[in-house]
Amino acid sequence: MTAKFKDLALDANDHQALADWWCAALGYVRRDSLTGDSRPEDWPVPIVDPAGEGPLIWLNPVPEAKSVKNRMHLDVFGETSELLALGATLIRERGGDVDWDQLADPEGNEFCVFAPR
C-alpha cells in the first residue's frame, strides 16, 4: 500500500461560514467543540460526524474564488429539497440514467445527492 485515506479538504473563501453550512447539511459539528481546542479564525476548520461514522473534513481558507468544475466531489445521501433550503444550488436534476441530483454548496463546490437510505 502506497497511501491510506486520512481526511477530506474543501477550499473556501469564507471557511468559517462554509464550515457552519456543511455542519448543518451533514449533521456534523466543529471538532474543536468536542475537544475543547481553540484555533485562530484564519486557520482551517475541522468538522466531524459526532457519531464517529463519517470522515473528518477540513475547511481551508483560500483567497481565490472557485472558477472551474471540481475534479473531486462529495457524494451524500439526503433530501435535495432540504439542502436547497439551506442554501445549496441545483446544478442538474436526477432523471433518465442519472440517479442523483448534482448540487453546489454556497461557494460553488459541487456534490451529488442520492436518495436517503
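Cut-offs applied
Residues numbered from 1 in each chain as written. Predicted model: local features only at pLDDT ≥ 70, side-chain atom pairs only at ≥ 80, totals over all residues. Heavy atoms only, no water. Pairing = 2+ DSSP bridges. Helix = DSSP H or I, 4+ residues; strand = E, 2+ residues; numbered from the N terminus. Axes fitted to C-alpha atoms, helices over the stretch in contact; angles between N-to-C directions. UniProt positions renumbered as here; feature names shortened; annotations may be inferred.

## A short note on the sheet that holds strand β7 (residues 100–104)
Here 4 strands make up an open sheet; going across it, the order is β5-β8-β7-β6 and the pairing mixed. The sheet is open, and its two edges are formed by β5 (74–77) and β6 (89–92), each paired on a single side. Strand-to-strand twist of the sheet, defined as the mean angle between neighbouring strand axes without regard to direction, takes the value 35°. Taken together, the 5 bridges between β7 and strand β8 (residues 110–114) define a ladder with antiparallel strand orientation. Considered in β8, the bridge of L103 is made with F111.

## A short note on the UniProt feature "domain: Glyoxalase-like" (unreviewed entry) in the protein
Here the UniProt feature "domain: Glyoxalase-like" (unreviewed entry) sits at residues 8–114. Taken end to end, residues 8–114 is 22% helix and 32% strand, and its two terminal C-alpha atoms sit 19 Å from one another.

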